[in-house]
Structure formats: C-alpha cells, structure tokens
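As a plain string of letters, each chain reads:
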Amino acid sequence: MTEVRRAGTASASLWERDEEIATITRAVDTLCADRSSPGTLLEARGEAGVGKTALLAETRRIAEARGCTVWSARGGETLRSVPFNVVRQLLQPALVSMLPEEAREYLGDWYDIAGPALGIADPGERQADPQGVCDGLVAAVRRLARREWPLVLMIDDAHWADQETLRWLAALAERLDETSVLVVVARRPGDVSGDNARRLEAAGAMGRPLGPLNALTPDATAGLTRATLGEHAEAAFCREVWAVTGGNPYETVELLAKVQDSELQPVEAEAAELRDLNRSARGGGLVARLEQLGVDSTRFAWAAAILGGGITVDMVARLATLDRADAARCAELLRGARILSVPDAAGQPGVDELEFVHPLIATAVYNSIPDALRTAMHGIAAQLVTDSGLGAAAASRHLLKVHPDDDQEVVAQLREAAREHLAVGAPDAARRCLERALQEPPLPASHARVLFELGCATLLTAPATTIGHLRTALAMPGLDGEQRVDAVFRLSQALLHNDQLEEAVRTVEAEAARNPDPSARLRLQAAQYMWEGIHAGETSSPHRSARLAELAAGCTGRDNAERALLILRGFDAMTHGESAEEVVELCDRALVNGRLAPGLGWTDTEWGLELPMMLASSYAYTDRLDRAEALFTEALRAYESAGWSGGHLALAHAYVGLGHRRRGRLREAEQSLRASLRIAERVGRGLPLYWSATCNLVDTLLARGHVEEARTVADQYGFAPPYPSTIVLPDPRPVRARLLFATGRTEEGVNELEAAEKAAAARGRHNPVVVPWATELARALAGEDPGRAARLATDARRQAERFGTDTAIGEALRCAAALETGQRAVRLAAQAVTYLEASPCQYEHAAARVEYGIAARSAAELNRGLALADSCGADGLVARAREALATGHTG
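Attention here is on the structure that accompanies the text. Predicted model, so just to flag it, every value in this text is computed and none were measured. (Residues numbered from 1 in each chain as written. Predicted model: local features only at pLDDT ≥ 70, side-chain atom pairs only at ≥ 80, totals over all residues. Heavy atoms only, no water.)

## Here's the deal with the pattern of salt bridges
For step 1, the next point in the chain: Taken as a whole, this structure holds 64 salt bridges when the rule is applied.
For step 2, the next point in the chain: Of the charged contacts in the structure, one is a salt bridge between glutamate 178 and arginine 175, with a shortest N-O distance of 3.0 Å.
For step 3, the next point in the chain: The partly exposed category is assigned to arginine 175, whose relative accessible area is 29%.
For step 4, the next point in the chain: One salt bridge connects arginine 864 with glutamate 837, and the closest N-O pair in it is separated by 3.7 Å. With arginine 864 in helix H43 (residues 859-872) and glutamate 837 in helix H41 (residues 822-837), the pair connects residues that are 27 residues apart, well separated along the chain.
For step 5, the next point in the chain: Note on arginine 864: relative accessible area 44%, which makes it partly exposed. (Salt bridge = Lys/Arg side-chain N within 4 Å of Asp/Glu carboxyl O. Buried < 20%, exposed > 50% of the residue type's maximum accessible area, 1.4 Å probe, protein only. Helix = DSSP H or I, 4+ residues; strand = E, 2+ residues; numbered from the N terminus.)

What follows is the structure in structure tokens.
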C-alpha cells in the first residue's frame, strides 16, 4: 500500500498506486537523464473519481522536485466546442511571457501558422489549413521542449478536450521520438465518440498505460479512513465507508470530510449515518448543500459553471449581478465548502482565478441551473465576453446555447465567429456557428449568403453536406453576380471531392448557359472544361476538344478566365498528343512575365490548384522540365509557408517527385513521393492525390529496379483497379502492367495494357509518354505475336513524331529497337540514344545507352550507360550493364 506522502486529502487517491507512481518516477528520471532522449506519453484511464487527478498532482510533485518545467491543462464538459482550448491552456502562458519579437523569432516560420490558434498572433485573412495548424502546434512543442527542458505536459479530463486539441495530441504522440518531453494524459474510458475517440485512442496507443485505475480495496479504504479520522476508527465503520462509496477515492475523501464536518464518531453505532452523508456530498445532496450557503453563493456557483473556464471573481460577479465584495465573500464560502478552489499557481494565471474542485461538482452545479435560466445566463455571458474584447469566437460558445429568437445581431456575431474560427484552422467550429445562425434564422436577404459561407466552411471536411447547402443557397434569392458564380464553382468543387465529377460538369455547364455576363460565362465554361479535362472516364463529351480549341483561339490572356482556357487547351492538347510546340506556346501565353498570374497561384482559392497543376504537368511532358520543376517547387514552398499541410502539400510533394522522376533523379523522386504518401495517409485513402503519389512511387521504384519494394507499396496502398474518376499522371494502367510483368504475371499485365488501350481511345488520349501502353504492349507481345507488336511499335512512333518531343521519339525508337535484331536493332538503338541524349529525361537516356551498348557489343557505350544509370539511382539498370560487361556482351 502506498504510504501517504502528505497530510490531508490531497494524497488520498494515491493509496494503492505504488506501481503507477513508480512508472511516473521512471519516466521523469528518463526525461531528466538525457536532453536528446525520446519523449514518452503516459495515460491514466479510469472512471470519475478514481484518482486520475491525484496522480497528475503527484506527477507534478515528482517532476518539480527534479527541476522539471511542468505545464498543465484540463478539458471541460461545457468547453468541448471551444477550439484549441486545452492546447492553449498548455502552451499559451509560456509564449505570452515572451516578448512578441522573441516569440516570433522562437517559433520562426510556424509563428504565423500556429500563433493565431494559440491566441498569441492575429490571424490572416485566408482560411487556415487545419493540418498545417496542427503541424505548427507540434513544431511549437518541439521547440519549447528544447527551450524548457526537461518539460512535462499534463492534460486532465482529456475525454472532454476539444477536437482540435485531440488532433494535435494524436499528431504529437506520433512524433514523440523526435521530442524530448513527457506527456501525461488522464481520461475516462467513455464520454467521447467519433473522430475524437479515434484520436484519443491513437494517442494512447503510442504511449504506456498507468493502470487501469481501480477502486480502493476495503483494506485501503480502512487505512485512508483511519489516516483521516484517527486510528480509533472501528473496522465496521471503515467497512461501511467502503460499502457506501464503492471504494471510489473521490467519494471516499468527500464522505470523510463530511464526517469531520458533522463531528460524527467513527464507530459502528454511527455507521448507519454514512449513507445520508454520502448523498449530501453528491448529486441532489450537493445542490442542497449549495443552497444552504445562500442565494448569492448559489448564483455565484451557477455563473462559474456557465463560464466553465477562466473563472475570475470579477467575471462571475458581473454574470451573477453581484457587487465585488459580495462576490468575494461567496467565493470564500464556496471554497470552504469544497465546491470551488484556487488552481495550482505554478505557471498558471493570477490567484483570483477559481476552478471547481472536481468535474463531478462542476457537472452537478451546471445541471442544477433551471433550463430557462441557464439559457439566459449563456446569453448574458456572450455579451460579457464580447464587451470584454475577447472576440466573437470566444462568445460563440455561449451563443450556441441560446434559443433562436430571430435576432440578427446574433446572426452577425455567429458569422463573424465562423470567420475567426476558419482563420485559425477550426472549420468544424465555424460549421457549428453557421448552422446555429441558420436556426435564428437570418433575414431572407442574407439567408443564401449564410448558406454559401457554410458550404465554403465544410468544402473539404464534408463535401456531401456542402453540396446540399450550396444547392439550397443557389435556389434562393440573395446570391448575385460574382458571388453566385463563386457558389456554383464551389458546388462543382464539392461534387468533384464527393466523386460526382459528371454532375460537377453538368452544374457549371448549366449555369454558363443561363448566365448573361460574358466574363462570368467564360469563367464557368473554363470550369466545365477543367473538370472534363481531369475526368478519366471511358467517354468524352462530343467535340469537346474542338470547342475548347475554338474558345482558346481567341484568347490573348488578358484576364484569368482567358488564361484558364489557355491552360486547359494546352493540357488537353498535351494529353491528346498534339504538337508539343503548340502546347508550350499555349501555356506560355497563360503566364504573366513568365509567372502565374495573381488569382491563379497555388494558394489562390478562386480557381483552385487544378489549373497550375495542369500547366506544370503540360510542361513536364513536353520536355520543358525546367519550367515544370520551377512550378512544382513553387507549389511546395507556397503550401509550406502558408501552413497547408493536408492534401495540397501531399500533391505538391507528389508532383515534385514527378519532376524528379521525369528528370531521372530517382532517389530524390522516391524521397518526395514517400513524403507525399505520409501526408496523404493523414488526409485519407482513396482520394485522387493518393493515387498520384502511389502511381508515381511504384513507377519510380520499378525504374530503380526495386521490384519487391514496388510490389509492397502497391499492396499496401491498394494500387489496383478500380481506378479513380480523375486523371492520374502517368496513367496507372501501364505502370501497373510493368509491375505485373516484373513479378511474372504476364497475362494480367497484357490485360491491363489492353484496358489502357481502350480507355485511351475512348478519351482520345494518344500521348505516348503519358499513356505508354503501345510500347509496353509491343514489348510484351514480341515473342507471342510479333506482327501485332510491330504494328504497335510503328503506331507508337507515328504518335511520338506527331507529338514531337525528343523523349517521345527516343522512347518509340527504343521500343522499335527491342523488336529487331542484328544491325537494324543497332541502328534503331543508336537513333534512340541520339534523341534521348537531347532529352532532359536522364533515366531513359541511360536505359537507351545500356541497350545500345548490348546491341552493338560496345563496352564504351555500356560504361557510359552504367555511369548515367548510377547517377540516376537506377540500381537495376546498373546491374544489367555490369552483367553485360561481365558476360562478354561487348566487342
């Protein structure tokens, strides 16, 4: 049994906690031993009152005795809707204590991203990326841990933490190997569901459990009873204490305190009184005890429960309509009654701040407030928060509890709160505010605008919900001009994200047909062609390319709608295998002084990322890799500096990897693509961005000759039919076919390429570099059906010459050489080398050199090919060249 370390009730819940305290002590000692040690997470899990908070208090005592910095925070049942509430409690005091310049310098690039969420910096005008903010908060802890080492973070009642904090906690738990910090979390096993439960479980799974924490045994209850009331406490009395409380440490402590207050003697004859005393310490008994303290004290306690956090005497006095002296008197009475207490002052706000002694008391007091009065008090609290200058977001927690009453000021406050929430990376909080604003309801003139704002807030988190909101908004009066066009465009984006691409196309097409404004119509038509352009379906809308070419022909690039059409026309021509020179000319016309125009940038939301991605891809496949890589790198920098750590950043890494792969830098490509997949895992599988990263990684690993790794990635990430409805570059079917060939599944590989042939024909996509089905199939059929193989190779060469890039022609010649023998094979291989030497694609050049060296039996060419392959990281090609040199396939 754990010896009581301090007098009084503070250590009561430490009875029978030897093992847990030993675990905490070891974790603190490990943290203090080495500044570079990995972090640790400990989780105390148990029912209410079982002693979790006492363990955290003991953790503080142990840690501070060893010189640790200890920061703590607590979730609150009524505060779960407040974004970043708990993580702000943890980190804000340390950052606020710095000068603003010091905090900015300390957090570096993360200051503008994480600072607004922590309340130490003003938010920007743009909607913040939730994943980027989460990453910024993890980075902030990493930097603070180095500054404040050894640092211990404690979170009590984590089951009541806000979802943004839980997202951060799960992310921090994954990165603890990089962060020397001890995190101790206390939580109940229930009281949380959905994504919050998943995140809390994920965090706990990365740590070690403290427990499970069980109720006290009869022996421990007897020991605690005698330690509190005296050794003369009789066994029967002690046994009844255990029976009444069920061994719950908190209830035991409260009951024993009531015994002391009532001067009840701890003897068997008085044991029958224990049940009534226990009832007075909880539930209705607690409320009755509160009422005995007087009307003013009851009002004070109610006001404190409404506020939930940041409870100060002054704020409570204003909410309870008490003067300062009466409020201070009530606070003392409630402290004496063990209902309120002063929090531990170490690293915490001023001494006049109060908190409830236990969450069970806070819940009981809050629930005891009559419903109508509770609602009214939340309304008053909202006004007090607003008048205190804390902002609409802070007041919104109370406004969410107020009954709808056709109050347009409430609508305006909730809309402003939603904007504030979006600016700090809390879209779900914004959604709750806007949904509540609709219940008020808004005036007819603004109703559609509120729906539009709600649709924008839920675009990436709940596209199906967004579709309903935006369709309703568009059916109502109030959205006109540019705002209506924006709403239609957002609706089409939501349909795209919800895998309803054909409906997205029909939506913008129908709006373009009815919109009388030529500039608006042009933008909508561009959106239609954009969605059609990334559609990977089996059928193409009739004459689409001809209509797009006709529209783009008259575009000079004078505005973004025209620039969008030029980009779309260039991308369409590239995928169809039209002249690469014309493709480049179209793309160049869409730029302004060689750069993306304002409004078409990577982080601009008017058009989205699809257009610049199409532009960069067109350059990548027309051998203008310098321009493509500059755009891909610009995307990566833009998303990182803006703190966009979700799907946008995953795609940026994927396309940077594509640039490396096209260039022949296979090691760098693999690194970027693996980074893309790590980020994509957090966003969710099955999305188009997931396919882009996976397809390119499999392609890169095959080029490197790492077949088993490629197969592992394909299996792990589901790289197999059915394929997504959006286009993936390069086409996944030929890539998967090469994987099947490399693993001995030839027949399946041939079937995959024939499916690629049908899909390409249906969509008119004849670019032999983007969809190299013909050359791959020709090689596969060379032995079985040489006639068909030759026809395929001839057709591939014709398409390559039509497209006109050195890479396309060189690859077609490589294929033709592989189907020939003798001097004809040598001549074709030499021609392939000539073209690919002029190409920026070094891997293909290296492969052509090795194949030419083998065909010509030339050691010099093999050695040149080997050196090129080695510089690319093409280990399989290096091995092939060395084998040819070793086996005498040279002159």
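Read on for the rest.
## Some remarks on the state of the cysteines
By definition, a disulfide links the sulfur atoms of two cysteines through a covalent bond.
For step 1, the next point in the chain: Going through the model one piece at a time under the given rule, you end up with zero disulfides.
For step 2, the next point in the chain: Free of any disulfide, cysteine 587 has its nearest neighbouring cysteine sulfur in cysteine 555, separated by 13 Å.
For step 3, the next point in the chain: For cysteine 587, a relative accessible area of 1% corresponds to the buried category. (Disulfide = S-S within 2.5 Å.)

## Focus on empty space enclosed by the protein
For step 1, the next point in the chain: Scanning the entire structure with this criterion turns up five cavities of 30 Å³ or more.
For step 2, the next point in the chain: A volume near 60 Å³ is recorded for the largest cavity.
For step 3, the next point in the chain: In this structure, the largest cavity is lined by Ser81, Val82, Pro83, Ala393, Ser396, Arg397, Leu400, His421, Ala429, Arg432 and Cys433.
For step 4, the next point in the chain: Those elements that provide at least two residues to the lining of the largest cavity are helix H19 (392-399) and helix H21 (427-439).
For step 5, the next point in the chain: Class assignment of the residues belonging to the lining of the largest cavity gives a composition of six nonpolar, three polar and two charged.
For step 6, the next point in the chain: Of the voids in this model, the second largest cavity is the one considered here, and its volume is about 40 Å³.
For step 7, the next point in the chain: In this structure, the second largest cavity is lined by Tyr529, Gly533, Arg544, Leu568, Phe571, Asp572, Thr575, His576, Met614 and Arg765.
For step 8, the next point in the chain: Of all the secondary structure elements, the ones that give two or more residues to the lining of the second largest cavity are helix H26 (518-533) and helix H28 (560-575). (1 Å grid on protein atoms, 1.4 Å probe; cavity = no way out; pocket = protein on both sides within 12 Å on 5 of 7 lines; lining within 4 Å. Points joined across faces, edges and corners; volume = space filled by probe spheres on them. Nonpolar A, V, L, I, M, F, W, Y, C, P; charged D, E, K, R; others polar.)

## Overview of the environment of alanine 161
For step 1, the next point in the chain: Here alanine 161 lies in the loop between strand S3 (151-156) and helix H7 (163-174).
For step 2, the next point in the chain: Overall, the relative accessible area of 1% leaves alanine 161 in the buried class.
For step 3, the next point in the chain: As for alanine 161 and alanine 859, which are separated by 698 residues in sequence, their C-alpha atoms are 68 Å apart.
For step 4, the next point in the chain: Those residues in contact with alanine 161 that sit more than four places away from it in its chain are Gly75, Arg80, Val86, Leu166 and Asn196. (Contact = heavy atoms within 4.5 Å.)

## Some words on H21
Since one α-helical turn is 3.6 residues long, residues separated by three or four positions face the same way.
For step 1, the next point in the chain: Between its first and last C-alpha atoms H21 spans 19 Å; for 13 residues at 1.5 Å apiece the expected length is 18 Å, and the two agree.
For step 2, the next point in the chain: Of all the positions in H21, only Pro427, Ala429, Ala430, Cys433, Leu434, Arg436, Ala437 and Leu438 are classed as buried.
For step 3, the next point in the chain: Residues of H21 that are buried make contact with helix H6 (130-148), H19, helix H20 (408-423) and helix H22 (444-457). (Expected span 1.5 Å × (residues − 1).)

## Here's the deal with the sheet that holds strand S2 (residues 69-74)
For step 1, the next point in the chain: The strand order S2-S3-S4-S1-S5 describes an open sheet built from five strands, whose pairing is parallel. For this open sheet the edge positions go to S2 and strand S5 (208-210), each flanked by a neighbour on one side alone. Between one strand axis and the next, the sheet turns by 20° as a mean value, whatever way the strands run.
For step 2, the next point in the chain: Both S2 and S3 contribute to a ladder of six bridges, which runs parallel. (Pairing = 2+ DSSP bridges. Axes fitted to C-alpha atoms, helices over the stretch in contact; angles between N-to-C directions.)

## Thoughts on the pairing of S3
For step 1, the next point in the chain: Within S3, six of the six residues are buried, which leaves the element mostly enclosed by the surrounding structure.
For step 2, the next point in the chain: Pairing analysis gives five bridges linking S3 to strand S4 (residues 181-187), with the strands arranged parallel. Bridge pairing links leucine 151 to valine 181 in S4.
For step 3, the next point in the chain: Note on the crossover from S3 through H7 to S4: the handedness is right-handed. (Right-handed = clockwise from strand over helix to strand, strands pointing away.)

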